[in-house]
Amino acid sequence: MALCGFAGCGAGILAGVGLTLGTQKTVQKKTSFADALASKAQASLNFNLIGIGDECGLFDAFLKAGAMTSDKLAKASGCNPRYVKEWCLAMASNDVIAYSAKDETFYLPPDVKEVVSDPSGLALSFIIPAIIGNRGRIARVFKTGEGIGWDEHDERLYSGTCRFFKPVYDNHLVNCVPPSLRAKLEMGGTLADVGCGYGASAIILARAFPRAKIVGYDFYAPSIEVANKKKAESGLANVFFEVKSATDFGSPGQFDGICFLDCFHDMNVAAAAARRAGVAIKPRGTCFLIELMAAETDNVTEQLAMPSCGIYSGLSCHICLPCSMMKDGETPGDALGTVVPTERHRRYFCEGGGFKSLSSVPSPVNAMGFRLIVAEK
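Residues numbered from 1 in each chain as written. Predicted model: local features only at pLDDT ≥ 70, side-chain atom pairs only at ≥ 80, totals over all residues. Heavy atoms only, no water.

(A) Quick look at the layout of surface pockets. Put simply, the second largest pocket is a space of about 970 Å³. Forming the boundary of the second largest pocket are 47 residues, of which Trp150, Asp218, Phe219, Cys263 and Asp266 lie nearest the centre. Listing elements by their share of the lining of the second largest pocket, those giving two or more residues are α6 (124–132), α8 (155–176), β3 (190–194), α10 (200–208), β4 (213–218) and α14 (309–324). Looking at side-chain class alone, the lining of the second largest pocket contains 28 nonpolar, 11 polar and eight charged residues. (1 Å grid on protein atoms, 1.4 Å probe; cavity = no way out; pocket = protein on both sides within 12 Å on 5 of 7 lines; lining within 4 Å. Points joined across faces, edges and corners; volume = space filled by probe spheres on them. Helix = DSSP H or I, 4+ residues; strand = E, 2+ residues; numbered from the N terminus. Nonpolar A, V, L, I, M, F, W, Y, C, P; charged D, E, K, R; others polar.)

Spelled out as structure tokens, the structure:
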């Protein structure tokens, strides 16, 4: 897997894995499975080393000082020179960094520099290694049908996820707020951000709607601790964070709007969360979700036609589906996963939560691999 980032949010999130997000897949010449395995193995090692380079400050050193020898790069980054030399060989042979034989220096090509200059650019190089390291447990739950909780992963998954989605929120979240809800928030309405994680989305919404009250909820206490620290740094007085699950947040009729931002498909209690949203929202309130792109119906041909199916179903096997397979007490999880079709959302929110309608709404986030789903009470 190559570099993957938003590059100022102008490129799709899948650009770095050789996919586009149009309506058709790119047709590529078939190679033998053995050749493909060797290529994928090299790409996996490469991807992990990209994350190590980011974590160890090697890319930052290049950005500050430009071309340099591996010894100078080691000194600039505070790393061991022997390890850095090997890292440089791996990165240069995989076209991540370049080498000048004339000057005997390594440097960042312009396209790589653009990605690593963006804080979100290398987010997947944290997420993917964090979840692949759980392979043994994932294999076990494939056999047992059990789940793996969101709170049971490497910390890099949480920080990487925040880095991955923050540019979407920074550039598009406010515009994703449905017009009917926007008017209420501008007048001082209330909004629940369920599954808020580190609080980036709630803070953005609070800043955009200073008269509104934004409440972020997450069941994972360490994430709420980070969110409260970010709130303090922001200086905002209209955003609040609480440790609550998606099934017991808020009180009846409390909110003008509720949002689930890239979290609903992870929930083992998704049906109950939709029902709770139907209780906690006011009459004629609006719920909106940002979900990863998937088909409208649970049809295999339709799913496979989605350009994003390969990477999203892969992520689902490692993170989202195991999360949504977790039992709630003795009750089996709802088992949605990343590529859950929109018809499933409609069933949960309309039939279960009492919402009048639910539909996917055209949005700029579509080109970045996401769906904007709006449910009206």
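Next comes the rest of the write-up.
(B) Here's a closer look at the sheet that holds strand β5 (residues 239–243). Here we have seven strands laid out as an open sheet, ordered β5-β4-β3-β6-β7-β9-β8, and mixed in their pairing. Edge positions in the sheet fall to β5 and β8 (357–361), since each of these pairs with one other strand and no more. Adjacent strand axes in the sheet meet at a mean angle of 20 degrees when their direction is disregarded. As judged from the five bridges shared by β4 and β5, these two strands associate in the parallel manner. Across the sheet, residue isoleucine 214 finds its bridge partner in β5, namely valine 239. (Pairing = 2+ DSSP bridges. Axes fitted to C-alpha atoms, helices over the stretch in contact; angles between N-to-C directions.)

(C) Local environment of the packing of aromatic side chains. Evaluation of the coordinates by the stated rule reveals 12 aromatic pairs. Ring plane angle 75 degrees and centroid distance 5.4 Å describe the contact between phenylalanine 260 and phenylalanine 264, whose orientation is recorded as edge-to-face. Accessibility classification places phenylalanine 260 together with phenylalanine 264 in one group, the buried group. Three or more aromatic residues joined by ring pairs form one cluster here, namely Phe260, Phe264, Tyr348, Phe349 and Phe355. Its guanidinium or amino end placed over the ring of phenylalanine 240, lysine 213 lies 5.4 Å from that ring's centre, counting from NZ or CZ. The ring of phenylalanine 355 carries lysine 377 above its face, with NZ or CZ at 5.3 Å from the centroid. (Phe/Tyr/Trp six-rings, centres within 6.5 Å; stacked < 30°, edge-to-face > 60°. Buried < 20%, exposed > 50% of the residue type's maximum accessible area, 1.4 Å probe, protein only. Lys NZ or Arg CZ within 6 Å of the ring centre and 35° of its normal.)

(D) Fine view of the environment of glycine 285. Relative to the elements of secondary structure, glycine 285 occurs in strand β7 (residues 281–292). Through-space distance from the C-alpha of glycine 285 to that of isoleucine 258 is 8.3 Å; in sequence the pair is 27 residues apart. Sequence-distant contacts of glycine 285, defined by excluding residues within four places in its chain, comprise Lys184, Asp256, Ala375, Glu376 and Lys377. (Contact = heavy atoms within 4.5 Å.)

(E) Quick look at the packing of α6 against α14. With their axes 10 Å apart at the nearest point, α6 and α14 run at an angle of 65 degrees to one another. As α6 packs across α14, the resulting crossing turns out to be left-handed. Across the interface between the two elements, Ile127, Ile128, Ile131 and Ile132 from α6 touch Leu315, His318 and Ile319 from α14. (Left-handed = near helix turned anticlockwise from the far one by under 90°.)

(F) Here's a closer look at the nonpolar core. If you look at the biggest cluster of nonpolar residues, it comprises 56 residues, and the most contacted ones within it are Leu173, Leu191, Leu205, Ile214, Phe241, Phe288 and Phe370. Ranked by the residues each element gives to this core, the list is headed by α8, at nine residues. Membership of the second largest hydrophobic core comes to 29 residues, among which are Tyr217, Cys263, Leu289 and Ile373. (Core = buried A, V, L, I, M, F, W, Y, C linked by side-chain atoms within 4.5 Å.)

(G) Representation of the pairing of β3 within the structure. Summarising burial for β3: five of the five residues are buried, a large majority. Burial along β3 is two-sided: the face carrying Thr190, Ala192 and Val194 and the face carrying Leu191 and Asp193 are both buried. With five bridges connecting them, β3 and β4 associate as parallel partners. Among the inter-strand pairings, threonine 190 is bridged to a residue of β4, identified as lysine 213. Taking the sense of rotation as the criterion, the β-α-β connection linking β3, α10 and β4 turns out right-handed. In this structure, β3 lies alongside strand β6 (residues 255–261), joined through four bridges in parallel fashion. Considered in β6, the bridge of alanine 192 is made with isoleucine 258. (Right-handed = clockwise from strand over helix to strand, strands pointing away.)

(H) Spatial organisation of α14. With 16 residues, α14 ought to run about 22 Å at 1.5 Å a step, yet its terminal C-alpha atoms sit only 18 Å apart, falling short of that. Along its length, α14 reaches its greatest deviation from straightness, about 60 degrees, at serine 316. If you check which residues of α14 are buried, you get Cys309, Ile311, Tyr312, Leu315, Ser316, Ile319, Cys320, Pro322, Cys323 and Ser324. Against the buried residues of α14 lie α6, α8, β7 and α13 (300–304). (Expected span 1.5 Å × (residues − 1). Bend = angle between axes of the 7 residues up to and from the residue.)

These figures come from the coordinates and say nothing about function on their own.
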